[in-house]
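# Examining the three-dimensional arrangement
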Amino acid sequence: MTLDEKTVNELAAHLEQAELKAQDVVKITDAHPDMDFDDAYAIQYAIRKAKLARGQKLAGLKMGLTSHAKMTQMGVETPIYGFLMDYMARGDGEEIRVDELIHPKVEPEIAFVTKADLHGPGCHIGDVLAATDFVVPAMEVIDSRYRDFKFDLKSVIADNTSSSRFVAGGQARDPGELDLRTLGVVLEKNGEVVATGAGAAVLGHPANSVAMLANMLGARGEHIPSGTFIMTGAGTEAVAVAKGDTVTARFQDLGSVSVRFV
Ligand code: OOG
Ligand code: MG
């Protein structure tokens, strides 16, 4: 850690205000070039604590930057994790208000729901599959609070990995019945195909993303509790959306998820 507690809390409030007012800010490493990864997660956890203190509920966890497509698009090289709150959730087919956001982009993702605790270090794909209750198709709406969606890894970790909205579909499947590596996804915007991908784009298998999350949490003395909803990260580039757009992610074997931006 290089930042004191007061600075961590100030930066957390600064980034959360940017989220809640839908106003972009410059990346925080410009003013704090020496901040480290512990500082970055400390800011993210301070934002989470502030939301929980207001009575909002944790809805799940997410991994980000778990595919080459995403790492290349954002110019960074390491997976990261963040949290999802109840107010970020939308149902399949529902509307998302663009004026509450800065510059939203959508990502198709496979989500896991656990039925047992997962502990790292040493958590592997076998542990994850044994602890998975079901997988569901999902779509994340990311909305970096940073100007022009430009950031470095520490800035985006502090900004809760651009978490903004998410939609989970209702078709739950047992991952043991599916080959999640070859499971394809087609992302459509207004009926046109804008991105395509397969499960293996996410760390070779989306369950590896959950294992990595357990291991990253384990390094902090935390774990993934049973019953946790986890988004595993996009296997495709994120696609920018605007008011009036309808976006549908069609997953092989898992059905589809849609949202409308209004
Ligand atoms: C960071 C969040 C990345 C994913 O699925 O890779 C993410 C960003 O690209 O703004 O959610
Ligand atoms: Mg994502």
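Look a little higher up for the structure.
Now for a quick tour of the structure. Small disclaimer: the values here were computed from a predicted structure and weren't measured. (Residues numbered from 1 in each chain as written. Chains lettered and ligands numbered in written order. Predicted model: local features only at pLDDT ≥ 70, side-chain atom pairs only at ≥ 80, totals over all residues. Heavy atoms only, no water.)

### Some remarks on the overall build of the protein
Per the secondary structure count, the protein includes 6 helices and 13 strands. Scaling as 2.2 N^0.38, a compact globule of 262 residues should have a C-alpha radius of gyration of about 18 Å, and the protein matches this with 17 Å. Once local pairs closer than 6 in sequence are excluded, the contacts in the protein between residues at least 24 apart make up 76%. In the form shown here, the protein has an accessible surface area of approximately 10,800 Å², with 50% of it arising from carbon and sulfur atoms. Positive and negative side-chain charges in the protein, numbering 26 and 37 respectively, have mean positions lying 4 Å apart. (Helix = DSSP H or I, 4+ residues; strand = E, 2+ residues; numbered from the N terminus. Rg over C-alpha atoms; globule rule 2.2 N^0.38 Å. Contact = heavy atoms within 4.5 Å. Areas by Shrake-Rupley, 256 points an atom, 1.4 Å probe, with all protein chains shown as cover. Lys, Arg positive; Asp, Glu negative; His and termini not counted. Charge placed at Lys NZ, Arg CZ, Asp CG, Glu CD.)

### What about the packing of aromatic side chains?
Summed over the entire model, instances satisfying the criterion amount to 3 aromatic pairs. Here Y41 and Y81 contribute two aromatic rings whose centre-to-centre distance is 4.6 Å and whose plane-to-plane angle is 20 degrees, an arrangement assigned as stacked. Of this pair, Y41 sits in helix α2 (residues 37–53) while Y81 sits in strand β2 (residues 80–85); the two residues are 40 residues apart in sequence, bridging distant segments of the chain. For Y81, a relative accessible area of 2% gives the class buried. (Phe/Tyr/Trp six-rings, centres within 6.5 Å; stacked < 30°, edge-to-face > 60°. Buried < 20%, exposed > 50% of the residue type's maximum accessible area, 1.4 Å probe, protein only.)

### Points about the site of ligand 1
Close contacts around ligand 1 come from 17 residues, with K62, L65, K70, E107 and S162 the closest. One of the side-chain nitrogen or oxygen atoms of E109 is found 3.0 Å away from an oxygen atom of ligand 1. Summarising the interface, the protein chains cover 100% of the accessible area of ligand 1, which totals 320 Å² for the free molecule. Examining the composition of the shell around ligand 1, we find that 3 residues originate from one element, strand β1 (residues 58–64), more than from any other. (Near = heavy atom within 4 Å. Polar contact = N/O pair within 3.5 Å; in protein donor to acceptor, adjacent residues only side chain to side chain.)

### Things to note about the coordination of the magnesium ion (ligand 2)
Protein-derived ligands of the magnesium ion (ligand 2) are E107 (OE), E109 (OE) and E140 (OE), with the metal-ligand distances lying across 2.0 to 2.1 Å. Expressed as a motif, the donor residue spacing for the magnesium ion (ligand 2) is E-x1-E-x30-E. One end of the pair, E107, is in strand β5 (residues 105–114); the other, E140, is in strand β6 (residues 132–142), with 33 residues separating them in the sequence. Of the two residues examined, E107 and E140, each falls in the buried class. (Donors = N, O, S within 2.8 Å, 3.2 Å for Na, K, Ca; no water.)

### A closer look at the sheet that holds strand β8 (residues 184–189)
Sheet architecture is open: 5 strands sit in the order β4-β13-β12-β8-β9, paired in mixed fashion. Unpaired on one side and paired on the other, β4 (95–96) and β9 (192–198) mark the two borders of the sheet. Here 6 bridges tie β8 to β9, and the two strands are oriented antiparallel to one another. Paired with V185 across the strands is G197, a residue of β9. (Pairing = 2+ DSSP bridges.)

### Digging into helix α1 (residues 5–21)
With 17 residues, α1 should reach 24 Å at 1.5 Å per residue; the first-to-last C-alpha distance of 24 Å fits that figure. Of the residues making up α1, those classed as buried are T7, V8, L11, A12, L15, E16, A18 and E19. An end-on view of α1 places all buried positions within 165 degrees of arc, on one side of the element. Set apart from the buried face of α1 by more than 90 degrees, the exposed residues are K6 and K21. Trailing α1 by a residue or two, A22 shows a phi angle of about 55 degrees, which is positive. (Expected span 1.5 Å × (residues − 1). Arc of directions from axis to C-beta.)

### Description of the packing of α1 against α2
Two elements in contact, α1 and α2, have axes whose closest approach is 8 Å; the angle formed by their N-to-C orientations is 65 degrees. In terms of crossing hand, the pair formed by α1 and α2 is right-handed. Residues V8, N9, L11, A12, L15, E16, E19 and L20 of α1 form the contact with α2, whose own contacting residues are A42, I43, A46, I47, A50 and K51. Among the residues forming the contact of α1 with α2, the class breakdown is 10 nonpolar, 1 polar and 3 charged. (Axes fitted to C-alpha atoms, helices over the stretch in contact; angles between N-to-C directions. Left-handed = near helix turned anticlockwise from the far one by under 90°. Nonpolar A, V, L, I, M, F, W, Y, C, P; charged D, E, K, R; others polar.)

### Brief notes about unusual backbone geometry
The omega angle of the peptide bond from G120 to P121 is 0 degrees, so this bond is cis rather than trans. Structurally, P121 can be placed in the loop between β5 and α4 (125–130). Notably, T161 is not glycine yet its phi reads approximately 50 degrees, a positive angle. Relative to the assigned elements, T161 resides in the loop between α5 (153–158) and β7 (163–168). According to the relative accessible area criterion, T161 is buried, its value standing at 4%.

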